[in-house]
Amino acid sequence: MGTDLHTPLGRNRKTGRKRPGFLRLGRIAASLCLFAIGGFSLYTAFRGDGLERTKPPAAEQAAKPSDTTQPSTTTANRAPDGMPRAEPRSGANVEQMVTGDGSVVTKFSPRPRDGSGPVLVDAMQVGQDPRMAAQPNETLLEDTPFGRLPIVGPDGRRPMDQYARPSSGARGVRIAIVVSGLGLSQTGTQRAIAELPEEITLAFAASGNSLQRWMQEARRGGHEILLQVPLEPFDYPANDPGPETLLTTKPVARNIENLHKAMGEITNYTGIMNYLGGRFLSDSNAMEPVMRDIGKRGLLFLDDGTSAQSKTAVVAKGTEMPYAFADLQLDGQLDINAVLKKLDELERIARKNGQAIGVASAFDESVDAIAKWSEEAAMRGIEIVGVAALSNDPRNP
């Protein structure tokens, strides 16, 4: 039997009986939904706390290039292999909207760069791409009469973060070992860089030779580095660290000038370490302006722990800058076995406190002992980290 195409609406075409009222109810429900959606849209459009555009945070605004300016691809902004470098958001438009309940919705859309080919995006906030480790981040430098000095970048990134050696972040026993005095002996410096594991932090004396070359070699080898600045010892001038030593008797401006001269010797360091300096470190009035300058440049300060009268902790807390103390001098006795015993003592300190910092000079005996001990440390559950990972940092209390 065929189907009656003229059966009245609401009746079953086969039986002729009236259908249930589900169809009519469905239509009514659909109309109500459309009415509700339309009403909500009008409500959202006219109320003050609907979707609103919001400006990105100041740090993001500084990091985001303008619509009319494309990233520079000059030699200074290129990786060692010649590929242009770019910030993470240089290829994106970022737009934020605030919903009625206060939630922020971020919209990312692609934007063109300069169209000259691929770029190397530097997206690391802590640590540096190994391919670029020997080259400074240009946004973290300023030109001065004393050379190129470290500064905090426009996006808030600090040299301490950029040049730090990344750590695992795992909870466990962590040890930092700093080998200092690099640059004073060419053969000793070359041997330390070649023999020491990359986890060891290297400190370069500002009065050393060929520092830029050695810095680049150390950075290519994976090392975190520090800069040693000469400070006045108790027995000065009988024990004279050099002609541009920071002295308690000098005006503040002169000490800052000598600090900047030292800072301009190399780049890519996470912080400053004292070279001698017992008397200077014990004078908070002399230390305060120097530490304030170091801190505002996004650097840490490492006290080698040799001065019992040091005011480093008090001054550093007062200026809200990152700092660290060495727990142990490892090579007071220049003998491989003696240094190994000190390293075992450092391990005991770390197991008790969770972490420890040891310092040594770049003597052959020290280098050999540290290299030997470091090979076995991982098997005992010890992570050797850069000194920046163990600093007291106000940003990460």
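Our subject is the structure listed above.
What comes next concerns the included structure. Per chain, residue numbering runs from 1 following the sequence as it is written. Side-chain atom pairs in this predicted model are given and counted only at pLDDT of 80 or more, local residue features only at pLDDT of at least 70, and totals for whole chains, interfaces and linings cover all residues. Hydrogens and water are ignored here; the side-chain numbers use all heavy atoms of the structure.

## Side note on the overall build of the protein
For step 1, the next point in the chain: Helix and strand counts for the protein come out as 11 helices and 16 strands.
For step 2, the next point in the chain: Within the protein, the fraction of its 397 residues that count as buried is 41%.
For step 3, the next point in the chain: Put simply, 67% of the contacts in the protein that link residues at least 6 apart link residues at least 24 apart.
For step 4, the next point in the chain: Within the structure as shown, the protein displays about 20,800 Å² of accessible surface, and the carbon and sulfur contribution to it stands at 54%. Each helix is a run of H or I in the DSSP string that is no shorter than four residues. Each strand is a run of E no shorter than two, and both are numbered from the N terminus. The rule is simple: take the accessible area with a 1.4 Å probe, protein chains only, and divide by the maximum for that residue type; under 20% is buried, over 50% is exposed, in between is partly exposed. Contacts between residues were defined by any pair of non-hydrogen atoms, one from each residue, lying within 4.5 Å. Under the convention used here, a 1.4 Å probe and the Shrake-Rupley method define accessible areas, while residue burial counts only the protein chains that appear.

## Examining the side chain of Glu-347
For step 1, the next point in the chain: With respect to the helices and strands, the residue Glu-347 is situated in helix α10 (residues 336–353).
For step 2, the next point in the chain: Glu-347 gets classed as buried once you look at its relative accessible area, which sits at 9%.

## Points about the pairing of strand β9 (residues 201–205)
For step 1, the next point in the chain: Counting buried positions along β9 yields five of five residues, so the element is predominantly enclosed.
For step 2, the next point in the chain: Here β9 shows a buried face lined by Thr-201, Ala-203 and Ala-205 and a second buried face lined by Leu-202 and Phe-204.
For step 3, the next point in the chain: Relative to β9, strand β8 (residues 173–182) runs parallel, the two sharing three bridges. What sits directly across from Leu-182, in β9, is Phe-204.
For step 4, the next point in the chain: At least two DSSP bridges between two strands are required for those strands to pair. With four bridges joining them, β9 and strand β10 (residues 225–231) adopt parallel strand pairing. Note that in β10 the partner of Ala-203 across the bridge is Leu-226.

## What about the side chain of Thr-189?
For step 1, the next point in the chain: With respect to the helices, strands and loops of the structure, Thr-189 is situated in helix α4 (residues 186–195).
For step 2, the next point in the chain: Not counting residues within four places of it along the chain, the set of residues in contact with Thr-189 comprises Leu-182, Gly-183, Leu-184, Phe-204 and Trp-214.

## Some remarks on the pairing of strand β6 (residues 141–144)
For step 1, the next point in the chain: Sheet topology note: the β6/strand β7 (residues 147–150) ladder contains four bridges and is antiparallel. Residue pairing in the sheet places Leu-141 in a bridge with Pro-150 of β7.

## Some points on the nonpolar core
Nonpolar side chains in soluble globular proteins tend to be buried together.
For step 1, the next point in the chain: To define a nonpolar core, start from buried Ala, Val, Leu, Ile, Met, Phe, Trp, Tyr and Cys residues and group those joined through side-chain atoms within 4.5 Å. Among the nonpolar cores identified, the biggest contains 59 residues, and Ile-177, Leu-202, Phe-204, Ile-272, Ile-294 and Trp-373 are the most heavily contacted of them.
For step 2, the next point in the chain: Ignoring anything within four residues of it in the chain, the contact list for Trp-373 reads Ile-175, Ile-177, Leu-340, Leu-343, Asp-344, Glu-347, Arg-380, Ile-382 and Ile-384.
For step 3, the next point in the chain: The next biggest cluster of nonpolar side chains, apart from the first, holds 17 residues, and it includes Ala-176, Leu-302, Ile-357 and Val-385.

## Thoughts on the packing of α10 against helix α11 (residues 364–377)
For step 1, the next point in the chain: Fitted lines through C-alpha atoms serve as axes, helices being fitted only where they are in contact, and the angles separating the N-to-C directions of these axes extend from 0 to 180 degrees. Between α10 and α11, whose axes approach to 9 Å, the crossing angle comes to 45 degrees. With respect to their mutual orientation, α10 and α11 come out oblique. Note that α10 runs across α11; the crossing there is right-handed. On α11, the residues that touch Ile-336, Val-339, Leu-340, Leu-343, Asp-344 and Glu-347 of α10 are Glu-365, Asp-368, Ala-369, Ile-370, Lys-372 and Trp-373.
For step 2, the next point in the chain: In this classification, the charged set is Asp, Glu, Lys and Arg, the nonpolar set is Ala, Val, Leu, Ile, Met, Phe, Trp, Tyr, Cys and Pro, and all remaining amino acids, among them Gly, are polar. Looking at the contact of α10 with α11 residue by residue, the class counts come to seven nonpolar, no polar and five charged. Note on angle classes: values under 35 degrees are labelled roughly parallel, values over 145 roughly antiparallel, values of 65 to 115 roughly perpendicular, and the remainder oblique. Should the near helix be turned anticlockwise from the far one by less than a right angle, the crossing is termed left-handed; should it be turned clockwise, right-handed.

## Quick word on the packing of aromatic side chains
For step 1, the next point in the chain: Two rings from Phe, Tyr or Trp (for Trp, the six-membered ring) form a pair when their centres sit within 6.5 Å of each other. Planes less than 30 degrees apart are called stacked, planes more than 60 degrees apart edge-to-face, and all others tilted. Applying the stated rule across the entire model yields one aromatic pair.
For step 2, the next point in the chain: Taking the centre distance of 6.3 Å and the plane angle of 90 degrees together, the rings of Tyr-323 and Phe-325 count as edge-to-face.
For step 3, the next point in the chain: Phe-325 sits in the partly exposed class, given a relative accessible area of 28%.
For step 4, the next point in the chain: We count a charge as sitting over a ring when the NZ of a lysine or the CZ of an arginine lies within 6 Å of the ring centre and within 35 degrees of the ring normal. Lying over the aromatic face of Trp-214, Arg-213 brings its terminal NZ or CZ to 4.2 Å of the ring centre.

## Points about the environment of Gly-242
For step 1, the next point in the chain: Relative to the helices and strands, Gly-242 is located in the loop between β10 and α6 (252–263).
For step 2, the next point in the chain: On the basis of relative accessible area, Gly-242 is assigned to the buried category, the value being 17%.
For step 3, the next point in the chain: Through-space distance from the C-alpha of Gly-242 to that of Ala-206 is 9.8 Å; in sequence the pair is 36 residues apart.

## Here's the deal with the pattern of salt bridges
For step 1, the next point in the chain: Counted as salt bridges are all cases of a side-chain nitrogen of Lys or Arg within 4 Å of a carboxyl oxygen of Asp or Glu. Within this structure, the stated rule accounts for 20 salt bridges.
For step 2, the next point in the chain: Salt-bridge contacts for Arg-297 lead to Glu-142; the nearest nitrogen and oxygen are separated by 2.9 Å. With Arg-297 in the loop between α8 (284–296) and β12 (300–303) and Glu-142 in strand β6, this pair connects stretches of sequence that are 155 residues apart.
For step 3, the next point in the chain: Overall, Glu-142 belongs to the partly exposed group, its relative accessible area being 30%.
For step 4, the next point in the chain: Between Arg-158 and Asp-393 there is a salt bridge; the shortest N-O distance is 2.7 Å. Of this pair, Arg-158 sits in the loop between β7 and α3 (159–162) while Asp-393 is found in the segment after β16 (382–384), placing the two residues 235 residues apart along the sequence.
For step 5, the next point in the chain: In this structure, a network of salt bridges that share partners links the residues Glu-142, Asp-293, Lys-296 and Arg-297.

## What to know about the environment of Arg-157
For step 1, the next point in the chain: For Arg-157, the location among the structural elements is in the loop between β7 and α3.
For step 2, the next point in the chain: Expressed as a C-alpha distance, the spacing of Arg-157 and Thr-139, which sit 18 residues apart in the sequence, is 9.1 Å.
For step 3, the next point in the chain: Within polar-contact distance, the side chain of Arg-157 engages the side chain of Gln-162 at 2.8 Å. Two N or O atoms form a polar contact when they lie within 3.5 Å of each other; inside protein one atom must be a possible hydrogen donor and the other a possible acceptor, and for residues adjacent in sequence the pair counts only when both atoms belong to side chains.

## Details of the environment of Asp-129
For step 1, the next point in the chain: Following the sequence through the fold, Asp-129 ends up in the loop between β5 (120–121) and β6.
For step 2, the next point in the chain: Residue classification places Asp-129 among the buried residues on the basis of a relative accessible area of 13%.
For step 3, the next point in the chain: Taking the C-alpha atoms as reference, Asp-129 lies 9.5 Å from Gln-162; in sequence the two are 33 residues apart.

## Quick notes on α6
For step 1, the next point in the chain: Across its 12 residues, α6 extends 16 Å between first and last C-alpha, which sits within 8% of the 16 Å expected from 1.5 Å per residue.
For step 2, the next point in the chain: Listed as buried for α6 are Asn-255, Ile-256, Asn-258, Leu-259, His-260, Ala-262 and Met-263.
For step 3, the next point in the chain: The inward-facing, buried residues of α6 abut β7, β10, β11 (271–276), α7 (278–281) and α8. Expected span, for any helix, means 1.5 Å times one less than how many residues it has.

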